[in-house]
Amino acid sequence: MELPAAVKLVAVSKFHPFEAIEEAYQAGQRIFAESRPQELAAKVKTLEARRVELGDPAYMADIEWHFIGHLQTNKLKMVLPYVSLIQSVDSVRLLEAIDNWGSANNKVLNVLLECFISSDETKQGFSEHEVQDIICGERKYSNIHICGVMGMATYTDDETVVRADFRRLKEISDILQDWIGEGGNINSDCKEISMGMSGDYQIAIEEGSTMIRVGSMIFGERY
Ligand SMILES: *Cc1c(COP(=O)(O)O)cnc(C)c1O
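A. Broad picture of the site of the ligand. In the vicinity of the ligand, the contacting residues are Val12, Lys14, Ile68, Met152, Met197, Ser198, Arg213, Val214, Gly215, Ser216 and Arg222. Between the ligand and the protein, one listed contact pairs an oxygen atom with a backbone N or O atom of glycine 215 at 2.8 Å. In this structure, an oxygen atom belonging to the ligand sits 2.8 Å away from a main-chain N or O atom of serine 216. Alone, the ligand offers 390 Å² of accessible surface; in the complex the protein occludes 89% of this. In terms of residue class, the shell around the ligand is built from five nonpolar, three polar and three charged.

So this is what it looks like as structure tokens:
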């Protein structure tokens, strides 16, 4: 897979065993993403057990975990201690819960705001207006660092539709740049645009993606 240097590859390892992660790590991959809290926590434990087994506390020390699934507020402690980025923050309630957890645990959490860009009815995420409310609103999220936006295109073979969805997310990101300095909840490095999966990452890159989330193309089909 040839990627432009500015685009980060996130390997989506959900439903695949820890050994698959280990193999990809040995091939040079460093960022892995999971979508279910229990599965993430289990894989982190497996890695810890591997370190004990090998007598090497530094084994795979520079691995990074991202979370990309729906996160319920009662599952935060299974996820937040381990991840370097929560890509799928899709409600103000969740944002507040993460901020409170960060404050209680003396940690600043990196997040992406998941935006609704597709025409699928099941997909979640914020509208542009809601993003603006978060960035420029009264509530200050002291223990959250907003790093950018994430989105999923409509599930369709129609490339025109997919491209238009990605363009929309790029537009939201561009508008965000205009709010830097306007609101208390945005930093100058709020530049990440996480979009593109196995089936559409090339289009996503053409439309300005900075981070693609690729599962089946790396690990094979999930069953
Ligand atoms: C599963 C998943 C992916 C990866 O999908 P593939 O089609 O296997 O590349 C990307 N993003 C999210 C949010 C996912 O849940």
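B. Inspection of the packing of helix α1 (residues 18-26) against helix α2 (residues 37-54) at higher detail. Relative to each other, α1 and α2 sit at 65°, their axes nearing to 10 Å. The orientation of α1 with respect to α2, classified from their angle, is roughly perpendicular. Crossing handedness for the pair α1 and α2: right-handed. For the pair α1 and α2, contact is made by Phe18, Ile21 and Glu22 and by Lys43, Thr46, Leu47 and Arg50, respectively. Counted by class, the contact of α1 with α2 contains three nonpolar, one polar and three charged residues.

C. Expanded view of the nonpolar core. The biggest cluster of nonpolar side chains holds 54 residues, and the ones touching the most others in it are Phe32, Leu80, Ile86, Val89, Ile98 and Leu113. Tallying contributions element by element places helix α6 (residues 159-179) first for this core, with six residues. When sequence neighbours within four positions are dropped, the list of residues in contact with leucine 113 reads Val89, Leu95, Phe126, Val131, Ile134, Ile135, Ile146, Gly148, Val149 and Met150.

D. Region of interest: the environment of glycine 183. Looking at where glycine 183 falls in the secondary structure, it is placed in the loop between α6 and β7 (192-194). With relative accessibility at 14%, the residue glycine 183 sits in the buried group. Among all residues touching glycine 183, those that are not within four sequence positions of it are Ile135 and Cys136.

E. Highlighting helix α5 (residues 128-136). Among the residues making up α5, those that are buried are Val131, Ile134 and Ile135. Along the long axis of α5, the arc covered by the buried residues comes to 95°, so they all point the same way. Contacts from the buried residues of α5 go to α4 (92-104), β5 (109-115), β6 (144-151) and α6.

F. Structural detail: the pattern of salt bridges. This model, assessed by the stated rule, comprises 16 salt bridges. Between arginine 163 and glutamate 206 there is a salt bridge, and its shortest N-O distance comes to 2.8 Å. Taken as a pair, arginine 163 in helix α6 and glutamate 206 in helix α7 (residues 201-206) lie far apart in primary sequence, 43 residues in all. When the shortest N-O distance is used, the salt bridge between arginine 168 and glutamate 171 registers 2.6 Å. On the criterion of helical spacing, the pair formed by arginine 168 and glutamate 171 is a turn pair, its members being three residues apart in helix α6. Overall, the relative accessible area of 41% leaves glutamate 171 in the partly exposed class. One connected set of salt bridges, linked through shared partners, spans Glu159, Arg163, Arg167, Glu206 and Glu207.

G. Summary view of the environment of alanine 97. Note on placement: alanine 97 falls in helix α4. The spatial distance from the C-alpha of alanine 97 to the C-alpha of methionine 217 is 34 Å, given a sequence separation of 120 residues. Discounting chain neighbours no more than four positions away, the residues touching alanine 97 are Thr73 and Leu76.

Rules and cut-offs
Residues numbered from 1 in each chain as written. Predicted model: local features only at pLDDT ≥ 70, side-chain atom pairs only at ≥ 80, totals over all residues. Heavy atoms only, no water. Near = heavy atom within 4 Å. Polar contact = N/O pair within 3.5 Å; in protein donor to acceptor, adjacent residues only side chain to side chain. Areas by Shrake-Rupley, 256 points an atom, 1.4 Å probe, with all protein chains shown as cover. Nonpolar A, V, L, I, M, F, W, Y, C, P; charged D, E, K, R; others polar. Axes fitted to C-alpha atoms, helices over the stretch in contact; angles between N-to-C directions. Helix = DSSP H or I, 4+ residues; strand = E, 2+ residues; numbered from the N terminus. Parallel < 35°, antiparallel > 145°, perpendicular 65-115°, else oblique. Left-handed = near helix turned anticlockwise from the far one by under 90°. Contact = heavy atoms within 4.5 Å. Core = buried A, V, L, I, M, F, W, Y, C linked by side-chain atoms within 4.5 Å. Buried < 20%, exposed > 50% of the residue type's maximum accessible area, 1.4 Å probe, protein only. Arc of directions from axis to C-beta. Salt bridge = Lys/Arg side-chain N within 4 Å of Asp/Glu carboxyl O.

All quantities given are derived from atomic positions and should not be read as evidence of function.
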